[in-house]
Structure formats: structure tokens, C-alpha cells
Amino acid sequence: MSNVATPHYGIFSLSNVPPWNTHNEVVNKAIEQIVHADKLGFEEAWVAEHNGRRYGIVASAQLLLAAAAAATSRIRLGSGVSRLPMHHPLRLAEDYAYVDQLSGGRLNFGIGKAYDRLEFQAYGIPEAERDERYEEVFEIVMQAWRTGKVKFAGKHYRVPAEGEVADEIELFPEVAQKPTPPVFVMVSSSEESLRSAARRGFSFVLGQRPTRDDVRRLVGVYREEARAAGHSFDAIDENIARASQLKAIHVADSHEQARREYEHGYMWYVNILSNRAKVGLGIDELTYDEYIDRKTLILGSPDQVAEELASFHSHTGLGGLVAWFDAGSQPQEQVLRSMTMFAEKVRPQL
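For the structure given in this document, a descriptive report is provided here. (Residues numbered from 1 in each chain as written. Predicted model: local features only at pLDDT ≥ 70, side-chain atom pairs only at ≥ 80, totals over all residues. Heavy atoms only, no water.)

### Comments concerning the overall build of the chain
Here is step 1 of the chain: Check the secondary structure of the chain and you find 13 helices and 14 strands.
Here is step 2 of the chain: Taken against the 2.2 N^0.38 rule, which gives 20 Å for 350 residues, the C-alpha radius of gyration of the chain at 20 Å falls within 12% of a compact globule.
Here is step 3 of the chain: Across its three principal directions, the C-alpha atoms of the chain cover 70 × 50 × 40 Å.
Here is step 4 of the chain: Of the contacts made within the chain by residues no fewer than 6 positions apart, 73% connect residues no fewer than 24 positions apart.
Here is step 5 of the chain: With the model as given, the accessible surface of the chain reaches about 15,100 Å², and the carbon-plus-sulfur share is 49%.
Here is step 6 of the chain: Positive and negative side-chain charges of the chain, numbering 39 and 48 respectively, have mean locations separated by a distance of 1 Å. (Helix = DSSP H or I, 4+ residues; strand = E, 2+ residues; numbered from the N terminus. Rg over C-alpha atoms; globule rule 2.2 N^0.38 Å. Contact = heavy atoms within 4.5 Å. Areas by Shrake-Rupley, 256 points an atom, 1.4 Å probe, with all protein chains shown as cover. Lys, Arg positive; Asp, Glu negative; His and termini not counted. Charge placed at Lys NZ, Arg CZ, Asp CG, Glu CD.)

### Remarks on the packing of aromatic side chains
Here is step 1 of the chain: By the definition in use, this model includes 15 aromatic pairs.
Here is step 2 of the chain: Ring centres of Trp-46 and Phe-184 lie 5.2 Å apart, and the angle between their planes is 75°; this geometry places the pair in the edge-to-face category. On the criterion of sequence distance, the pair formed by Trp-46 in strand E2 (residues 44-47) and Phe-184 in strand E10 (residues 183-187) is long-range, its members being 138 residues apart.
Here is step 3 of the chain: Relative accessible area serves as the criterion here: at 2%, Trp-46 is assigned to the buried category.
Here is step 4 of the chain: Ring centres of Phe-109 and Trp-145 lie 5.0 Å apart, and the angle between their planes is 70°; on these two criteria the pair is classed as edge-to-face. (Phe/Tyr/Trp six-rings, centres within 6.5 Å; stacked < 30°, edge-to-face > 60°. Buried < 20%, exposed > 50% of the residue type's maximum accessible area, 1.4 Å probe, protein only.)

### Quick word on the pairing of strand E5 (residues 107-112)
Here is step 1 of the chain: The element E5 is largely enclosed, with a buried count of 6 among its 6 residues.
Here is step 2 of the chain: Here E5 shows two buried faces, one formed by Leu-107, Phe-109 and Ile-111 and the other by Asn-108, Gly-110 and Gly-112.
Here is step 3 of the chain: As paired strands, strand E3 (residues 76-79) and E5 are joined by 2 bridges and run parallel to one another. Paired with Gly-78 across the strands is Asn-108, a residue of E5.
Here is step 4 of the chain: In this sheet, E5 lies alongside strand E4 (residues 82-83) in parallel orientation, the contact comprising 2 bridges. Residue pairing in the sheet places Ser-82 in a bridge with Ile-111 of E5.
Here is step 5 of the chain: The handedness of the E4 to E5 crossover, carried by helix H3 (residues 89-102), is right-handed.
Here is step 6 of the chain: Pairing of E5 with E10, which is carried by 3 bridges, proceeds in the parallel orientation. (Pairing = 2+ DSSP bridges. Right-handed = clockwise from strand over helix to strand, strands pointing away.)

### Here we look at helix H7 (residues 212-228)
Every α-helix carries 3.6 residues per turn, so stepping three or four residues along brings you back to the same face.
Here is step 1 of the chain: Over its 17 residues, H7 extends 25 Å from the first C-alpha to the last, a length consistent with the 24 Å expected when each residue adds 1.5 Å.
Here is step 2 of the chain: Turning to H7, its buried residues are Arg-212, Val-215, Leu-218, Val-219, Val-221, Tyr-222, Glu-225 and Ala-226. Within H7, the buried residues cover an arc of 165° as seen down the axis, which keeps them to one side. Those residues of H7 that are exposed and aimed more than 90 degrees away from the buried face are Asp-213, Glu-224 and Ala-228.
Here is step 3 of the chain: Each element contacted by the buried residues of H7 is listed here: helix H6 (191-200), strand E11 (203-206), helix H8 (233-242), strand E12 (244-251), strand E13 (297-300) and helix H12 (302-316).
Here is step 4 of the chain: Trailing H7 by a residue or two, Gly-230 shows a phi angle of about 95°, which is positive. (Expected span 1.5 Å × (residues − 1). Arc of directions from axis to C-beta.)

### Here we look at the environment of Arg-199
Here is step 1 of the chain: By the secondary structure assignment, Arg-199 is in helix H6.
Here is step 2 of the chain: A relative accessible area of 37% means that Arg-199 is categorised as partly exposed.
Here is step 3 of the chain: Taking the C-alpha atoms as reference points, Arg-199 and Val-99, separated by 100 residues in sequence, lie 27 Å from one another.
Here is step 4 of the chain: In contact with Arg-199, not counting residues within four places along its chain, are Glu-192, Glu-225, Ala-229 and His-231.
Here is step 5 of the chain: A polar contact of 2.6 Å, which involves the side chain of Arg-199, links it to the side chain of Glu-192. (Polar contact = N/O pair within 3.5 Å; in protein donor to acceptor, adjacent residues only side chain to side chain.)

What follows is the structure, given as C-alpha cells:
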């Protein structure tokens, strides 16, 4: 048993398109997985956002989350992440407010700065402006959600633009969750991103790269920074309980079966050189066994996976884990079976 009172689990969708899948198959796989997770009792579904790369074909997470909101009834739906510098801030506030209403208040707003130079080039956004745009977009979105209107003049964005029609813009629709949907900062490797989340009183989701010892240390860093910013012990504990780490997971009848089934898709994914650093795996070329030994991914029978997860929660203190059952676009029947085994045979042991 874990020493975390009530562990919570999400699923992760990156929508990879390997050579063996069509774009249509991948789009529909993601929705089916989220619907299945909703029925199985997973607490969260997190959707990644990329463009110009076949490892992620969802350019605006709010599109997939809106479709998922209409097809589910209870699971919370998170952007993992919304790349703030890539979007017009008012449109972003409007889109996610719509998702929050459509879902009945189930949106988790996961935010990040983006990191792929190609993505900045694709949209004509200077990479050097990344941090400034991130801050301005976030400020506008929060203002829109909290007040129902926007009046903002910054270095990169002015809402409304200069003109004679209005001196502020009203937000439609308003958000369902007041004052705003919960904010999560996605932390791939930057300790400063974690410290920023702590200062602002937001929870977080860690990428795959940190080891269990690293995660434990980062949780300590978060506590220290949040206390220095004046947040209460109860608020800090609550945010850490809501926090998660992303991990590739596959459950099968045995470790040997799990290892065999997951290898092809996973290694296709991590062996894209431009990919590894971006998902927090570093740039070292590792073997499949090395990824397993480093616990970058968790494979095995239900008993083995439950034992690993209990150890994870106990050692790190994190309350949650985001399970990536479909890394490298695994066969859909295999993914759904693994999710079912996780829900029915792993979770009861935790």
C-alpha cells in the first residue's frame, strides 16, 4: 500500500503518427482512449499539443478536449500543455472557457512555454520573445476568466486593439469553475518552472526524466519555495497531492509479455533524436532495457506494476501519476486492455 492517502491517476495522449498508423486512426484512437478512461474511473486525461512533427499532431489541445468533453461525463480534462506563446490570448481564454462549460467544469488548465524551434518558426513567433509572451498571455487569460472582460496593453499583445468600437472586450462564455479552472504548470526539466509554480500557488506535472530521487528533491524545492512565498502548509500539501509525474506504463499478464508488446512502438518514439530531449528523456541513446532499468517506463503484471507504483508514491510523496499507455502509438486493443487491467487489477492494490 502507498502512504499517499488517495492516489489519483490520469492518462496521457500525444497522438503520435508512426508509419503503421494513418492520421485518421490516431485522431480517433485518442478519443476512444479518453472515453475508456472515463468509464474505468481514471481521474484525469491530459492532452499534448504540437505542430509540424509527426510525434504529435494536435496543434490546439482545446480541439481534442472539446471533443472529449462532449463524449465523457466525469473525467477531468487537461491541456498538457497549452503552449501559451503560440496562441492569441483572448482566443485561448474563449476556447478554454467553452471547454470548461461544455465539460460541466472539468477543465484542468496545464500551461507551458513551448520549446521546439520549429514550432516557433512555423507560426512566425520569435523564440527570444517566448518568456515575455508566456507571461502576457497568462495574465490576459486569468484577467478574462476572473473578471469576465479584458483590457490589456503589453509589449506583445493589446486587447482590444486600438480603435473606436470598445475600450474593453467582454468574455463569452464565462468559465464554469470560479474564479478560474485549476492551473497546472508542466515541468519538463526546468527547476525555475517549478519554483514559479510554487510562488504562484499552482500545482504541477513533472516530465519523465526526473528519477524518483530527483522527484523527491523537487517536491522539497517546491515546498521550500511555496513557504517562502507565504503559502500555507495546507495549501502546499494540497498542491503536492494534486501533482503528478508522467510515466510510460504497460500492464500485461506477465513482465515478459509487457516488455515484448511495448518495445516496438516505444523505441520508434524515443529513437527520433529530435524527440528525446523534448519529452524529458535527454539526448543519450539508451537501449530498451536501460529505459526499463532506469524506471523511465513501468512494465509488468498487475502485481508488479502495483508494487512499483506504491514505491513511487511512498518515495516521492506525489499524489498522482499520469500513465502513458500509448507511447509510440501502440496497438489500440493492447492499449485498452492495459488500461482495463490497470483499473481493475492494479488500482485495488494501492
